[in-house]
Amino acid sequence: MSRWALALLLALVWPAAATTLSETAFRQLERAQALLAEGDVRAANELLEARFARAEHDSERALIRQVQGFALAAVPDNRAAIQRLQQALDYGQLPEPAALQSRLALGQLLYVEGQMPRAIEVLTAYLTQAGDLAVVEAQVMLASAHVAAKQYRQARPPLAAAMARRETPPLGWLELQLAVDYGLEAWSAAAETLLTLVSRAPESRAYWQQLSGVYHELGKQPQALAVLALAHRHGLIAEPRALRNLAQLYRALGVPYKAGELLTAALDARQIEADAPLLDSLADAWIEAREYDRAVRTLTRRLAVQDTAAARLRLAQVHVQRHDWAAVMDTLGRETQRLEGDAALLLGMAAYEQNDRALAQRAFERARADAGQRRAAEQWLRYLAGMRG
């Protein structure tokens, strides 16, 4: 609490003090006010404690505790301030304006200290007592306290009341509304809230990504893709994970060419690392788009990053689509005993197409040892035997 805010709160106390305190007590409170204005909270508190010990009635005690509460909040010593403000209210002797301000300050301090159940209780009492005079910030704080306590449904009324009092609610209030929507899994409402947030802050990557995620929850995949694609065009999707997710969404919705273009551009711009999983995804996109030449270049680059039998098989399979049998043989090699069944079968087919019947024989025999490829390999072996007559 700033000194300005403290002075404002004390100004609400002084009219009541002037009418309820003795002249001596009033002058001591004036002296305490001056010390507080100078920032000497310790001296002011000592003076108020001394006066409290000689207080003549509960209304004086309530006023002293209230002033102490406001002063301690300015230090800040929130826990001590909470204790003093609660004591002031417990006397039940504060004038209504002063009681309202004490209850509001108490609720705010409880919220700051994370004491949500008590904060909810006090802020609710304040709003009930204040009625139309309640400050809108108290409504928002009560809603926020409910959200912190995971009481999302109870957060709706005070937040709606606050929203109704502002033609253009602050972004923070809209984000609180979004937290309520998420907590209730009210995805349609969340989409509406996020559309407002995106319109108010189009430069925010988070809002665009969240909106896409909500459309995904609603099963509206085309809208989810459209949102991310628009954000990407505006340069708001640049993080590696977000770029990968967007590419996956393109592929899931049957637009693999766009996925390939997206990942290629990201690699060229060095926005994303050319690791093996990324190159696998890019190759998948080009294969699905039937861009086999690009798939070959990508898989060749992938082998340079990490050479595995599975990667060589995928490259060989793309060469098959291009009917480049020599490239299949170059990719898989001639050492048939090192190949798994599916790779051996593919090598046998390539060797047959290249008229290398001896290699084809060895490859099919190797493939026959694999239960999954045995039937196809035996058919090829019978075919080769028939050719030999």
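Look above for the structure.
Scoring rules and cut-offs
- Residues numbered from 1 in each chain as written.
- Predicted model: local features only at pLDDT ≥ 70, side-chain atom pairs only at ≥ 80, totals over all residues.
- Heavy atoms only, no water.
- Helix = DSSP H or I, 4+ residues; strand = E, 2+ residues; numbered from the N terminus.
- Rg over C-alpha atoms; globule rule 2.2 N^0.38 Å.
- Buried < 20%, exposed > 50% of the residue type's maximum accessible area, 1.4 Å probe, protein only.
- Contact = heavy atoms within 4.5 Å.
- Areas by Shrake-Rupley, 256 points an atom, 1.4 Å probe, with all protein chains shown as cover.
- Lys, Arg positive; Asp, Glu negative; His and termini not counted.
- Charge placed at Lys NZ, Arg CZ, Asp CG, Glu CD.
- Core = buried A, V, L, I, M, F, W, Y, C linked by side-chain atoms within 4.5 Å.
- Phe/Tyr/Trp six-rings, centres within 6.5 Å; stacked < 30°, edge-to-face > 60°.
- Axes fitted to C-alpha atoms, helices over the stretch in contact; angles between N-to-C directions.
- Parallel < 35°, antiparallel > 145°, perpendicular 65-115°, else oblique.
- Left-handed = near helix turned anticlockwise from the far one by under 90°.
- Nonpolar A, V, L, I, M, F, W, Y, C, P; charged D, E, K, R; others polar.

Undergrad: Give a detailed account of the overall build of the protein chain, specifying residues and quantitative values.
TA: Across its full length, the protein chain holds 22 helices and zero strands. On C-alpha atoms alone, the protein chain measures out to a radius of gyration of 37 Å, which is more than a quarter above the 21 Å that the 2.2 N^0.38 rule sets for 389 residues. When its C-alpha atoms are laid out on the principal axes, the protein chain stretches across 130 × 40 × 35 Å. By residue count, 45% of the 389 residues in the protein chain fall in the buried class. For the protein chain, the share of sequence-separated contacts (at least 6 apart) that also reach a separation of at least 24 residues comes to 47%. Accessible area for the protein chain stands at about 19,800 Å²; split by element, carbon and sulfur atoms hold 49% of it. A gap of 5 Å separates the mean positions of the 44 positive and 44 negative side-chain charges of the protein chain.

Undergrad: Can you break down the nonpolar core residue by residue, with the values?
TA: Membership of the largest hydrophobic core comes to 58 residues, with the highest contact counts inside it found for Leu 211, Tyr 250 and Ile 272. One finds Leu 347, Ala 351, Ala 360 and Phe 364 within the second-largest nonpolar core, a separate group that totals 24 residues.

Undergrad: Could you give an account of the packing of aromatic side chains, naming the residues involved and the relevant values?
TA: Tallied over the full model, the rule gives six aromatic pairs. Judged by centre distance (5.7 Å) and plane angle (70°), the rings of Tyr 257 and Trp 286 are edge-to-face. With Tyr 257 in helix H15 (residues 256-268) and Trp 286 in helix H16 (residues 276-288), the pair connects residues that are 29 residues apart, well separated along the chain. Classification of Tyr 257 by relative accessible area gives partly exposed; the value is 32%. Trp 286 sits in the buried class, given a relative accessible area of 3%. Seen from their ring centres, Phe 364 and Trp 380 are 5.0 Å apart, and the 15° between their planes marks the pair as stacked.

Undergrad: For the packing of helix H8 (residues 136-148) against helix H9 (residues 152-164), give the residues involved together with the corresponding values.
TA: At a minimum axis distance of 8 Å, the contact between H8 and H9 shows a crossing angle of 165°. The orientation of H8 with respect to H9, classified from their angle, is roughly antiparallel. The interaxial crossing formed by H8 with H9 has left-handed handedness. Residue-level inspection shows Val 136, Gln 139, Val 140, Leu 142, Ala 143, His 146 and Val 147 of H8 in contact with H9, the latter providing Tyr 152, Gln 154, Ala 155, Pro 158, Leu 159, Ala 161 and Ala 162. Of the residues assigned to the contact of H8 with H9, the class counts are eleven nonpolar, three polar and no charged.

Undergrad: Describe the environment of Arg 241, naming the residues involved and giving the relevant values.
TA: You can see Arg 241 is positioned in helix H14 (residues 240-252). For the pair Arg 241 and Ile 272, spaced 31 residues apart in the sequence, the C-alpha separation amounts to 8.6 Å.

Undergrad: So what about the side chain of Arg 65? Which residues, and what values?
TA: Within the secondary structure, Arg 65 is located in helix H4 (residues 58-74). Overall, the relative accessible area of 8% leaves Arg 65 in the buried class. Other than its neighbours up to four places away in sequence, Arg 65 contacts Glu 49, Phe 52, Arg 84, Leu 85, Gln 87, Ala 88 and Tyr 91.

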